Amino acid sequence: MEAKSSEDQVFDSVAELFSVLSTPIRLKIISAVCQKEKSVSELLAEIDTTQPNMSQHLGTLYRCGVLAKRREGTQMYYRLQSERVATLCRAVCTQVAIELDGDTPLAPSERLVPAMHR
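Worth saying up front: this structure is predicted, and the values here are computed from it rather than measured.

The rules behind these values
- Residues numbered from 1 in each chain as written.
- Predicted model: local features only at pLDDT ≥ 70, side-chain atom pairs only at ≥ 80, totals over all residues.
- Heavy atoms only, no water.
- Helix = DSSP H or I, 4+ residues; strand = E, 2+ residues; numbered from the N terminus.
- Rg over C-alpha atoms; globule rule 2.2 N^0.38 Å.
- Buried < 20%, exposed > 50% of the residue type's maximum accessible area, 1.4 Å probe, protein only.
- Contact = heavy atoms within 4.5 Å.
- Areas by Shrake-Rupley, 256 points an atom, 1.4 Å probe, with all protein chains shown as cover.
- Lys, Arg positive; Asp, Glu negative; His and termini not counted.
- Charge placed at Lys NZ, Arg CZ, Asp CG, Glu CD.
- Pairing = 2+ DSSP bridges.
- Phe/Tyr/Trp six-rings, centres within 6.5 Å; stacked < 30°, edge-to-face > 60°.
- Lys NZ or Arg CZ within 6 Å of the ring centre and 35° of its normal.
- Axes fitted to C-alpha atoms, helices over the stretch in contact; angles between N-to-C directions.
- 1 Å grid on protein atoms, 1.4 Å probe; cavity = no way out; pocket = protein on both sides within 12 Å on 5 of 7 lines; lining within 4 Å.
- Points joined across faces, edges and corners; volume = space filled by probe spheres on them.
- Patch = residues over 30% accessible without salt bridge, like charges linked within 9 Å, V, L, I, M, F, W, Y side chains within 5 Å.
- Salt bridge = Lys/Arg side-chain N within 4 Å of Asp/Glu carboxyl O.

1. As for the overall build of the chain
Then step 1. Helices and strands together make up the secondary structure of the chain, namely five helices and three strands.
Then step 2. Ordered by position in the sequence, the α and β elements of the chain form the string α-α-β-α-α-β-β-α.
Then step 3. Taking 2.2 N^0.38 as the reference for a compact globule, 118 residues should give roughly 13 Å; the C-alpha atoms of the chain span a radius of gyration of 17 Å, well beyond that estimate.
Then step 4. If one aligns the C-alpha atoms of the chain with their principal axes, the spans along those axes are about 50 × 50 × 25 Å.
Then step 5. Burial analysis of the chain (118 residues in total) assigns 30% to the buried set.
Then step 6. Partitioning the intrachain contacts of the chain with sequence separation of at least 6 by distance along the chain shows that 40% fall at a separation of at least 24.
Then step 7. About 8100 Å² of surface is accessible on the chain, with carbon and sulfur atoms providing 54% of the total.
Then step 8. Each charge class in the chain was averaged separately, 14 positive and 15 negative side chains, and the resulting centres sit 8 Å apart.

Below, the structure written as structure tokens:
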């Protein structure tokens, strides 16, 4: 088996990152902790999901290095570990919001959102 090229390694890493970010609830979590750390209960008050589901997604984001955490008493607090991931999410979400708004005419070559979602 031949070694992967550096280009293949880049594409593999980006695909793995996009896989982690491919769940809407994970994007909501990243958005919720963009400005400051929040406890699990604060996140549950903002994001409509169950506690076990929230914990599963927080664990995934933590293991991947997107979030950091700290314990204070019985509460666990999460914050952004990777500002670069937040910047990427912000850029993509802002672009998609512009496209879905429909007020800004964009050429098909400038769009991120597939035609079926508009």
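Structure's up, so let's keep going.
2. Re the pairing of strand β3 (residues 75-80)
Then step 1. Pairing between strand β1 (residues 38-39) and β3: two bridges, direction antiparallel. Looking across to β3, one finds that S39 is bridged to Y77.
Then step 2. Where strand β2 (residues 67-72) lies against β3, six bridges are found, and the strand directions are antiparallel. Opposite E72, over in β3, you have Q75 as the bridge partner.
Then step 3. Between the end of β2 and the start of β3, which pair antiparallel, lie two residues, with G73 showing a positive phi angle near 65°.

3. Thoughts on the packing of aromatic side chains
Then step 1. Throughout the structure, instances matching the rule amount to zero aromatic pairs.
Then step 2. Sitting above the plane of the Y62 ring, K69 keeps its charged end 4.3 Å from the centroid.
Then step 3. Sitting over the face of the ring of Y77, R70 holds its NZ or CZ atom 4.6 Å from the ring centroid.

4. A few points about the sheet that holds β3
Then step 1. The strand order across the open sheet built from three strands is β1-β3-β2, with neighbouring strands paired in antiparallel fashion. The open sheet is flanked by β1 and β2, the only strands paired with a single partner.
Then step 2. Contacts from helix α4 (residues 51-63) reach β2 and β3, with the element oriented near 120° to β2.

5. Details of the layout of surface pockets
Then step 1. Counted as a void, the largest pocket has a volume near 230 Å³.
Then step 2. Taken together, F18, L21, L27, L88, C89, V92, C93, V96 and A97 make up the lining of the largest pocket.
Then step 3. Top contributing element to the lining of the largest pocket by residue count: helix α5 (residues 83-101), with six residues.

6. Comments concerning a nonpolar patch on the surface
Then step 1. Taken together, the side chains of V10, F11, V14 and F18 present a nonpolar region at the surface, about 380 Å² in accessible area.
Then step 2. Structurally, the position occupied by V14 is in helix α1 (residues 6-20).

7. Describing the pattern of salt bridges
Then step 1. Enumeration over the complete set of coordinates arrives at four salt bridges.
Then step 2. In this structure, the salt-bridge partner of E37 is R70, at a minimum N-O distance of 2.4 Å. Highlighted residues: E37 in the loop between α2 (24-32) and β1 and R70 in strand β2, separated in sequence by 33 residues.
Then step 3. The salt bridge partner of R70 is E72, with a shortest N-O separation of 2.8 Å.
Then step 4. Because the salt bridges share partners, they merge into one network encompassing E37, R70 and E72.

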